[in-house]
Amino acid sequence: GVALKLTPSRSAYPVGVPVEFTLDITNKGPASCWVSQVPDGVMRMVSLTRDGRAVDPGMSTGGYVDGFASHLRRNLVLLAPGELLSLSLVSEPSRTVESRQTLETASLTSTDEAALTFWPLDVPGHYVVSVRYAVPELSEAPADICAAADVPVEARFTVVGGAP
């Protein structure tokens, strides 16, 4: 299986500034296995709270010319035992959520599209983000995909500023 570590690039972000994380994935197994080199489809938001209250996301779908599963398969890389892979996660303005600063997650649908979820990170407050890592079941993928992480990981940060 894999071990995860989620780290924000700083402890506080001004309103409107992209929130950046690093998701470290380490192969804890005895053999090499396949992981994704992109967060699309493999990083699952378990929860996002601001000042102890759940943050509601926006949702949409996205299509890929040859399907989302093909995109996921193309981005698999072999990770040796003990090897670490770091993924960058950065919030950006989203048209789906009124151009607000959001962190996007994607999951594979039964119709081979991406179910997109946009998590707003632009209101001042104390945030706790909890994520899991798991490669979805993919046809024509290598058999030795790294097992999902057993427990989610958390990161804490603050968004500061706004109208006086």
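Residues numbered from 1 in each chain as written. Predicted model: local features only at pLDDT ≥ 70, side-chain atom pairs only at ≥ 80, totals over all residues. Heavy atoms only, no water.

When you look at unusual backbone geometry in this model, what are you seeing that I'm missing?
Most peptide bonds take the trans configuration, and most residues that are not glycine carry a negative phi. For Asp-51, which is not glycine, the phi dihedral falls at a positive 55°. You can see Asp-51 is positioned in the loop between strand E5 (43-50) and strand E6 (53-54). Look at Glu-140: it is not a glycine, yet its phi comes out positive at around 60°. For Glu-140, a relative accessible area of 73% gives the class exposed. (Helix = DSSP H or I, 4+ residues; strand = E, 2+ residues; numbered from the N terminus. Buried < 20%, exposed > 50% of the residue type's maximum accessible area, 1.4 Å probe, protein only.)

I tried to follow the state of the cysteines on my own but got confused; where do I start?
By definition, a disulfide links the sulfur atoms of two cysteine residues through a covalent bond. Counted according to the given criterion, the structure contains 1 disulfide. Across the disulfide, Cys-33 is cross-linked to Cys-146 (sulfur-sulfur distance 1.8 Å). Here Cys-33 and Cys-146 share a disulfide; its torsion about the S-S bond, 85°, makes the bridge right-handed. Taken together, the positions of Cys-33 in strand E4 (residues 33-36) and Cys-146 in the loop between strand E13 (125-133) and strand E14 (153-160) put the pair 113 residues apart, joining distant regions of the chain. (Disulfide = S-S within 2.5 Å.)

Could you clarify how one ought to interpret the nonpolar core in this entry?
Most often, soluble globular proteins have nonpolar side chains that are buried together. In this structure, Leu-6, Phe-21, Leu-23, Ile-25, Val-129 and Phe-157 are the most contacted members of the largest nonpolar core, which totals 42 residues. Those residues in contact with Leu-6 that lie beyond four places of it in its chain are Phe-21, Thr-22, Leu-23, Leu-89, Val-129, Val-131, Val-153, Glu-154 and Ala-155. (Core = buried A, V, L, I, M, F, W, Y, C linked by side-chain atoms within 4.5 Å. Contact = heavy atoms within 4.5 Å.)

Honestly, the pattern of salt bridges in this entry has me stumped. Any pointers?
Side chains that differ in charge, positive against negative, can pair when their charged atoms come close. Inspection of the entire model under this criterion finds 3 salt bridges. Here Arg-74 and Asp-66 are joined by a salt bridge, their closest N and O atoms 2.7 Å apart. A salt bridge links Arg-156 to Glu-154; the shortest N-O distance between them is 3.3 Å. The class for Glu-154 is partly exposed, based on a relative accessible area of 46%. (Salt bridge = Lys/Arg side-chain N within 4 Å of Asp/Glu carboxyl O.)

What exactly am I supposed to notice about the sheet that holds strand E11 (residues 100-108) here?
Through backbone hydrogen bonds, the strands of a sheet pair up, either in parallel or in antiparallel fashion. Reading across from one edge, E7-E12-E11-E10 is the order of the 4 strands in this open sheet, with antiparallel pairing throughout. Each edge of the open sheet carries a strand with a single partner, namely strand E7 (58-62) and strand E10 (92-94). Across the sheet, the axes of successive neighbouring strands diverge by a mean angle of 45°, strand direction being ignored. Looking at chain direction, E7 and strand E12 (residues 114-120) are connected through 5 bridges and run antiparallel. Residue pairing in the sheet places Gly-58 in a bridge with Phe-118 of E12. (Pairing = 2+ DSSP bridges. Axes fitted to C-alpha atoms, helices over the stretch in contact; angles between N-to-C directions.)

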